[in-house]
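Descriptive structure summary
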Amino acid sequence: MTPGASQSQQEWWKGLTTPQIYLERDLGDGLGSHDWKYFVFRGRVAIVQLDQDRHSDHRQSVFDRDMTFLNEPLYFTMGGGHPKPKNYASMLKVAEGIGAQFEFMRVDLYNVGGAIYLGELSVVPNAAFLPIQSERLDHMLGWIWEQRGFLGVPNSQDQSAVLNSLGALGAI
């Protein structure tokens, strides 16, 4: 990475650090390395994005906090439902612990053989280059961000209520 390269990617804060090289062990698990991305608002996960087969037939699925599939496209071709990992509660706890000190943080985790690995932290997913495909999902996330007292959208029933309310207001 060359100094200043991040500014051209709209991530100006990355230019405040000294570029370094970091090598990590390959976590390839033969399953396309499922990439779990937790959208954490003030220490509470609102949605979970699952990327599968990113280097071949990339599919992306979105779930609520309880791992109920949300039939809304996020950034890429929509995938389908997926079973909840056995250690999902631990993954949720890790993501919320990391995101607790921030207004918003996307926390990327890998779950390989039951072991949880940190992938990446992002305050601006996709460097803000890719728009959210679902207008309903975009409005829901925006609404959550704007709620200063937000304690989380705890389940799919509440998320549906938020989406329906936004629809009734003509917001979506």
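Before any of the text, the structure's been laid out above.
The following refers to the structure shown. Quick caveat: nothing in here was measured; it's all calculated off a predicted structure. (Residues numbered from 1 in each chain as written. Predicted model: local features only at pLDDT ≥ 70, side-chain atom pairs only at ≥ 80, totals over all residues. Heavy atoms only, no water.)

Section: the nonpolar core
- In this structure, Trp-36, Tyr-38, Val-45, Val-48 and Ala-95 are the most contacted members of the largest nonpolar core, which totals 15 residues.
- When contributions to this core are tallied by element, the ones reaching two or more residues are strand 1 (35-41), strand 2 (44-52), helix 1 (88-99) and strand 5 (104-112).
- Looking at which element gives the most residues to this core, the answer is helix 1, with 4 residues.
- Residues Ala-46, Val-62, Tyr-75 and Phe-104 belong to the second largest nonpolar core, which totals 13 residues. (Core = buried A, V, L, I, M, F, W, Y, C linked by side-chain atoms within 4.5 Å. Buried < 20%, exposed > 50% of the residue type's maximum accessible area, 1.4 Å probe, protein only. Helix = DSSP H or I, 4+ residues; strand = E, 2+ residues; numbered from the N terminus.)

Quick notes on the side chain of Ser-134
- Counting through the fold element by element, Ser-134 comes out in the loop between strand 6 (115-122) and helix 2 (135-146).
- Among the polar contacts made by the side chain of Ser-134, one reaches the side chain of Glu-72 at a distance of 2.5 Å.
- Within the structure, Ser-134 has its side chain in polar contact with the backbone nitrogen of Leu-137 (distance 3.0 Å). (Polar contact = N/O pair within 3.5 Å; in protein donor to acceptor, adjacent residues only side chain to side chain.)

A few points about the sheet that holds strand 2
- Ordered by their spatial adjacency, 6 strands build an open sheet running 4-3-2-1-5-6, and the pairing between neighbours is antiparallel. Edge positions in the open sheet fall to strand 4 (69-70) and strand 6, since each of these has one partner strand only.
- Alignment of strand 5 against strand 6, held across 7 bridges, turns out to be antiparallel. Pairing of Arg-106 across the sheet is with Ser-122, part of strand 6. (Pairing = 2+ DSSP bridges.)

With respect to helix 1
- For helix 1, which comprises 12 residues, the first-to-last C-alpha distance of 16 Å matches the rise-based estimate of 16 Å (1.5 Å per residue) to within 8%.
- Restricting attention to buried positions, one finds in helix 1 the residues Tyr-88, Met-91, Leu-92, Ala-95, Glu-96 and Gly-99. Down the axis of helix 1, the buried side of the element spans an arc of 125°, and every buried residue falls inside it. Exposed and oriented more than 90 degrees from the buried face of helix 1 are Ala-89 and Lys-93.
- On its buried face, helix 1 sits against strand 1, strand 2, strand 3 (59-64), strand 5 and strand 6. (Expected span 1.5 Å × (residues − 1). Arc of directions from axis to C-beta. Contact = heavy atoms within 4.5 Å.)

Considerations on the packing of aromatic side chains
- Here the structure, examined in full by the defined rule, presents 6 aromatic pairs.
- Between Phe-41 and Phe-104, the aromatic rings sit 5.0 Å apart at their centres with planes inclined by 50°, giving tilted as the arrangement. On the criterion of sequence distance, the pair formed by Phe-41 in strand 1 and Phe-104 in strand 5 is long-range, its members being 63 residues apart. Just as Phe-41 is buried, Phe-104 falls in that class too. (Phe/Tyr/Trp six-rings, centres within 6.5 Å; stacked < 30°, edge-to-face > 60°.)

Some words on the side chain of Gln-60
- Tracing the backbone shows Gln-60 in strand 3.
- Judged by relative accessible area, Gln-60 falls into the buried class, the value being 2%.
- Within the structure, Gln-60 has its side chain in polar contact with the side chain of Asp-51 (distance 2.8 Å).
- When near neighbours in sequence (up to four residues on either side) are disregarded, Gln-60 contacts Gln-49, Leu-50, Asp-51, Leu-74, Tyr-75, Phe-76, Thr-77, Met-78 and Gly-79.

Geometry only, nothing functional implied.
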